[in-house]
Amino acid sequence: MSADTALDMVLNAVLKEVSGRCDFVHAEAFRPVGNSCMVQSGASFCANAAASDFHRASMNFHFPQNMCVAGRVWKSVQTEWHQDVSVLPHAVYARAEIARVAELRACFA
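Residues numbered from 1 in each chain as written. Predicted model: local features only at pLDDT ≥ 70, side-chain atom pairs only at ≥ 80, totals over all residues. Heavy atoms only, no water.

### Let's talk about the packing of aromatic side chains
Here comes step 1: Applying the stated rule across the entire model yields 2 aromatic pairs.
Here comes step 2: Taking 6.0 Å as the distance between ring centres and 15° as the angle between the ring planes, the aromatic pair formed by Phe61 and Phe63 counts as stacked.
Here comes step 3: Look at Phe63 and you get buried, because its relative accessible area is 3%.
Here comes step 4: One aromatic cluster in this structure is built from Phe30, Phe61 and Phe63. (Phe/Tyr/Trp six-rings, centres within 6.5 Å; stacked < 30°, edge-to-face > 60°. Buried < 20%, exposed > 50% of the residue type's maximum accessible area, 1.4 Å probe, protein only.)

### Section: the pattern of salt bridges
Between side chains of opposite charge, pairing is possible as soon as their charged atoms come close.
Here comes step 1: A complete count under the given rule lists 6 salt bridges for this structure.
Here comes step 2: Between Glu28 and Arg95 there is a salt bridge, with the nearest N and O atoms lying 2.7 Å from each other. On the criterion of sequence distance, the pair formed by Glu28 in strand S1 (residues 26–33) and Arg95 in the loop between strand S4 (81–82) and helix H4 (96–102) is long-range, its members being 67 residues apart. Note on accessibility: Glu28 and Arg95 belong to one class, buried.
Here comes step 3: For Arg72, the salt bridge identified is with Glu80, shortest N-O distance 2.8 Å. (Salt bridge = Lys/Arg side-chain N within 4 Å of Asp/Glu carboxyl O. Helix = DSSP H or I, 4+ residues; strand = E, 2+ residues; numbered from the N terminus.)

Written as structure tokens, this is what we have:
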């Protein structure tokens, strides 16, 4: 088993455990890639089909430092909470429309 596969397995278990305890519908882990941040392909938790659709639609998003939630959190090392990402402008949350379709709302990063 490769180190990346092992890491994804551990991250999946952690995301599932945290999501269960916090009643999250979706959770994902990000990793830095050069000067951007990308959703890891294997590290996620999806409690339903809509969350899985959101995750699949998010796979090719890249978040430069200081851009959107993931890039800002990565650069600032400060958490962010948004009550309803589905209504945020694209500059704040690039996946707002995807979140709206999947009926996902809150975001903690």
